[in-house]
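# Fold and contact review
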Amino acid sequence: MPTTQASTTTFPDHRIFGFDSRGQLRANLHNGPDSHAPGALYSWTCAPTSGQLADKLAAFWEQEISAEEFEVLEQLEAANAEFELDCDECAATGVDPGGLSEHEPEECRVCHGAKRVGFATIYAARVAA
Ligand SMILES: [Zn+2]
């Protein structure tokens, strides 16, 4: 049996998937176990769909997404759509109700103009707190 380090040298990093504050899919890239700072977050990227995120990951990080990872992304994507609701803060207008000028409306601080908020947004806020 060959004793190569192929599995760790070819894929030295691990990824954690979740959502950003806008409810987009997000992937965080962490250092692998052999690095000088194992587990440290060093990059992340976001995209509205699992397919676009997979493309970004492949292009920017030169790491093709695995079938298991793509399945996780699709599950997250499905959960996100399922729990999406109209934004309470702006009454689904996408505009900050406390904005100072009606001629230059500011985007809603909760949904960021999306007019909808999802399970993901709530989840992200809890993680950040
Ligand atoms: Zn809103």
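Provided above is the structure to which this section pertains.
Not measured: the values here are computed from a predicted model.

### Description of helix 2 (residues 50-61)
With twelve residues, helix 2 extends 16 Å between its outermost C-alpha atoms, agreeing within 8% with the 16 Å of an ideal straight helix rising 1.5 Å per residue. When we look at burial in helix 2, the residues that qualify are Ser50, Leu53, Ala54 and Leu57. Angularly, the buried residues of helix 2 cover 100° about the axis, an arc narrow enough to put them on a single face. Relative to its buried face, helix 2 has exposed residues pointing more than 90 degrees away, namely Ala59 and Phe60. Just beyond helix 2, the residue with positive phi is Glu62, at close to 55°.

### Some points on the nonpolar core
The biggest cluster of nonpolar side chains holds eight residues, and these are Phe19, Leu25, Ala27, Leu53, Ala54, Leu57, Ile65 and Leu73. Elements that contribute at least two residues to this core include exactly strand 2 (25-30) and helix 2. Element by element, the count of residues in this core is highest for helix 2, at three residues. Setting aside residues no more than four positions away along its own chain, Ile65 makes contact with Ala54, Leu57, Ala58 and Phe70. The next biggest cluster of nonpolar side chains, apart from the first, holds five residues, and it includes Cys87, Cys108, Cys111 and Val117.

Definitions and limits used
Residues numbered from 1 in each chain as written. Predicted model: local features only at pLDDT ≥ 70, side-chain atom pairs only at ≥ 80, totals over all residues. Helix = DSSP H or I, 4+ residues; strand = E, 2+ residues; numbered from the N terminus. Expected span 1.5 Å × (residues − 1). Buried ≥ 20, exposed ≤ 12 C-beta atoms within 10 Å, placed from the backbone. Arc of directions from axis to C-beta. Core = buried A, V, L, I, M, F, W, Y, C linked by C-beta atoms within 7 Å. Contact = placed C-beta atoms within 7 Å.

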